[in-house]
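# Structural overview for review
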Amino acid sequence: MRRQVLLFLSVLCLSYVLGQVSYSIPEEMAKGSIVGNIANDLGLDLKRLKSGKARVYTGGGVEYIGLNKEKGFLLIQERIDREALCGETTPCALHFQLILENPMELFRVTVEITDINDNTPSFTNAEKRFEISESAVIGSKFVLEKAIDSDIGMNGLQQYSLTPTGNFALKLENQADGSKKVEMVLQKPLDREKQDYMSLLLTAIDGGEPRMSGTMQIFVNVLDVNDNAPTFAKPLYRAKIQEHSPKSTSVTTVSASDKDIGSNGEVSYMISSSKRLLYELFKIDSKTGEIVLIGEIDYEKANIYQIDVEAVDSGGLSDSTKVIVDVLDINDNNPQINIVSKSESVLEDSPPNTVLAMLSINDPDSESNGKVECDIDDNIPFKIQTSLNGFYTLVTEVALDRERASEYNITVTCSDEGVPSLSSSVTLTLQISDVNDNAPVFERSSYEAYIVENNTPGLSIFTVKARDADWKQNARVSYILEDSSVNGVPVSSYVSVSADSGVIHAVRSFDYEQIKDFHFRVKAQDGGSPPLSSNVTVKILIQDQNDNPPQVLYPVQTGGSLVAEMVPRSADVGYLVTKVVAVDVDSGQNAWLSYKLQKATDRALFEVGLQNGEIRTIRQVTDKDAVKQRLTVIVEDNGQTSRSATVIVNVAVADSFPEVLSEFTDFAHDKEYNDNLTFYLVLALAVVSFLFITCLVVIISVKIYRWRQSRILYHSNLPVIPYYPPRYSDTLGTGTLQHVYNYEVCRTTDSRKSDCKFGRAGSQNVLIMDPSSTGTMQRMQNEKSILDEPDSPLEVSLME
């Protein structure tokens, strides 16, 4: 006992790391003995132990260690027998927790139980008998029973001795489980005639202080000739069996053979293990060698067994083998849930990770069968997380909201990973205390609204709506338009918001061509103190109306001059006369343009492209066709209420300018196309008279200046390239201008005195006449050096 006290006083290991402390004490200490000063080792004040209601938590097991809160000592409460507590398991330790409350704290304590030499080595049988043939050869082995010593380490079994040693010697062989295989080896031949009976003593000695020993008597009967010992088929057998298998379950069958015949060849089997537990769990058929289960096996108690099997023939010769039995775990234990501590209520503004309860979870199964995961419902604002091994804490995950739920029933379900999985659950009730913590929340994260342009000021656009989950004054919401600007103008000059209803009104009339969209923010503020608020972005999109008619860019309609396109009489079918170019400042389908031929002098001669506005011939031009052709083209957009524009295109069917000069001189006076037959008859009479006189003048002029005309004029069949305003580009993507066009504009040398102008596009002829002018303009060839003149041609590019 004095040695035990000395071992206690010399505590082997004391550490404090991350809330853990460890002690080492010998077994068999008296009740009331001090284990250690837990308060000092954990750095705790004695007042903290009292105020925190410190207690030892063992999880439902025997409380071998108690706590003296007055002095902060850990004391022995129950006698500790290391062999009964841990058996052969090393190291042997008690694990428990020291729990404090207000606030909750958990410390893990480990007490290692060291062994003392309090057990004597002993044999299961007090004697062992052998019948050995005198013909046994030197080196023959005879398996002896192992001694049992419940102590471990140096206090456990250390050595054997055999006396006398005349004919036999002792052979010890270390095995994987740390034990020794004991065999008696014949080292001197037997002689039955000299000695037919021997008595030997086998002694097992441990290494404790003082040493303790046990003995077994060995009796040897020397028999007549039996010169073959049994031999096992395998030196090692391995078998698997599930825990809780029914009794009489076959584990495995061993087999040994003996070459002798008769009684000397008859082999019997026996279990020669030194552990009493094996005799209670397994039995071997002495004739067949079948090992069967006769007891209850539990994986949680032992997961592997080693059985030593001996085969003996009638002459006493024997052989041995080992049978390793692996116990397979089944998922036969539900997780055990213990509530260590819990709170009854919590404020809704408690910060995340506020501890609400502490749970102890244990599953004695192994591997995946013993791995436990705990969870709670996903739709509640709590989470469960692991603290120390086997301990879980229930904490708040986010800020709570009493207006959403004033009480929670939290069901904690713990499941293992076995197949099938076993689970346990416990329900905790938690009350939520209320505070004012809810800001108004808009029904949408952002708003988009549409309004058609040209609206009436004061028109209601749409309504924003926010809700507050609080009560009474805290839930009263007001709407405020936040200060911002749109294109440098305060947003309040565009829209307004009703403080009570959230209705947004248009302050002005919008024009899509000036502004297409804008955004602003609306704040919702409750009536709490201090008030809470939230913001939302509102985007207003202006929708286009078809409020702009198409605009004709070419041909240019002027009040004082006339544009005419020339078509040679040799033009084939599909000849490009000109192209009507128009745009619409509206967008979308409101800007999609189509071209139609409304009126024409000869409808059978020309057609207009519906999409591109190109005017082409639809038949071969003949000499019978009138020189002067007048086309009225209408350009329409694709709006719901279509808008249109009309353009008049004058076309001259002739091979030279003098041929049509008189016709188009009169053309300039015909500014209004009228279907009235009387008007045309009168006009025709005037034109014929005028043309007659004009033709005489033209013929004389042609004769005089023929030599100049032969140098300047030439006939061309290239398509007409229309004139466009300089640098015009269709940026709206309406499809009216698909190519790049280049033009040259030329003026005559006497343009200062005459308004007659002539524009040349490629090789297409375009004639522009002023009705007040009697002059004649001749076509110029590119090779003429007119660039040297002050009024040189100007090239214009137009791209869409």
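Residues numbered from 1 in each chain as written. Predicted model: local features only at pLDDT ≥ 70, side-chain atom pairs only at ≥ 80, totals over all residues. Heavy atoms only, no water.

Overall, the predicted model of the protein reaches an average pLDDT of 79, with 82% of residues at or above 70. Across residues 667–675 the pLDDT falls below 50, and counting only partners more than four positions away or on other chains, this stretch makes 21 contacts in the model. (pLDDT = per-residue confidence, 0-100. Contact = heavy atoms within 4.5 Å.)

Right, let's talk about the state of the cysteines for a bit. For the coordinates displayed, the defined rule picks out two disulfides. Residue Cys-86 pairs covalently with Cys-92 via a disulfide, S to S 1.8 Å. In this structure, the disulfide formed by Cys-86 and Cys-92 twists by about 65° around the S-S bond and is classed as right-handed. The exposure classification of Cys-86 matches that of Cys-92, with both residues buried. The disulfide bridge from Cys-374 ends at Cys-414, spanning 2.1 Å between sulfur atoms. Negative torsions about the S-S bond denote left-handed disulfides, and the value of about 105° found for Cys-374 with Cys-414 makes this one right-handed. Of this pair, Cys-374 sits in strand β28 (residues 372–375) while Cys-414 sits in strand β31 (residues 407–416), placing them 40 residues apart in sequence. Cysteine pairing for the protein, with bonded cysteines counted in sequence order: 1-2, 3-4. (Disulfide = S-S within 2.5 Å. Buried < 20%, exposed > 50% of the residue type's maximum accessible area, 1.4 Å probe, protein only. Helix = DSSP H or I, 4+ residues; strand = E, 2+ residues; numbered from the N terminus.)

Quick look at the nonpolar core now. Formed by 29 residues in total, the largest nonpolar core has its most connected members in Ile-504, Phe-518, Phe-520, Val-522, Val-538 and Ile-540. Every element with two or more residues in this core is listed here: β34 (446–452), β35 (460–463), β37 (478–481), β40 (495–497), β41 (503–506), β42 (517–525) and β43 (533–543). Val-538 has contacts with Tyr-447, Phe-462, Val-464, Ile-504, Phe-518, His-519, Phe-520 and Val-522, leaving out every residue within four places of it along the chain. Within the second largest apolar cluster, 27 residues are counted, among which are Tyr-23, Ala-39, Leu-44 and Phe-107. (Core = buried A, V, L, I, M, F, W, Y, C linked by side-chain atoms within 4.5 Å.)

In this fold, Glu-243 is placed in the loop between β17 (236–242) and β18 (250–253). One polar contact links the side chain of Glu-243 to the main-chain amide nitrogen of Ile-330, over a distance of 2.9 Å. Those residues in contact with Glu-243, other than ones at most four positions away along the chain, are Ile-297, Asp-298, Tyr-299, Glu-300, Val-327, Leu-328, Asp-329, Ile-330 and Asp-332. (Polar contact = N/O pair within 3.5 Å; in protein donor to acceptor, adjacent residues only side chain to side chain.)

Right, let's talk about the pattern of salt bridges for a bit. Applying the stated criterion across every chain, the model contains 19 salt bridges. Between Arg-55 and Glu-101 there is a salt bridge whose closest N-O contact spans 3.2 Å. With Arg-55 in strand β4 (residues 55–57) and Glu-101 in the loop between β7 (92–100) and β8 (105–114), the pair connects residues that are 46 residues apart, well separated along the chain. According to the relative accessible area criterion, Arg-55 is partly exposed, its value standing at 27%. By relative accessible area, which is 18% here, Glu-101 ends up buried. Of the charged contacts in the structure, one is a salt bridge between Arg-619 and Asp-625, with a shortest N-O distance of 2.7 Å. Note on Asp-625: relative accessible area 7%, which makes it buried. One network of salt bridges, with partners in common, ties together Glu-28, Arg-79 and Asp-81. (Salt bridge = Lys/Arg side-chain N within 4 Å of Asp/Glu carboxyl O.)

So, on to the packing of aromatic side chains. Going through the model one piece at a time under the given rule, you end up with 13 aromatic pairs. Considering the side-chain rings of Phe-442 and Tyr-447, the 6.3 Å spacing of their centres and the 80° angle between planes classify their relative orientation as edge-to-face. Per residue, the accessibility class of Phe-442 equals that of Tyr-447, and both read buried. On the numbers, 5.6 Å between centres and 35° between planes, the contact of Phe-510 with Phe-518 is tilted. Like Phe-510, the residue Phe-518 is buried in the burial classification. Here the aromatic cluster, defined as three or more aromatic residues joined through ring pairs, consists of Tyr-494, Phe-510, Phe-518 and Phe-520. The lysine or arginine in question, Arg-508, covers the ring of Tyr-494, its NZ or CZ lying 4.3 Å from the ring centre. Geometry around Tyr-512 places Lys-516 over its ring, the cationic atom sitting 4.9 Å from the centre. (Phe/Tyr/Trp six-rings, centres within 6.5 Å; stacked < 30°, edge-to-face > 60°. Lys NZ or Arg CZ within 6 Å of the ring centre and 35° of its normal.)

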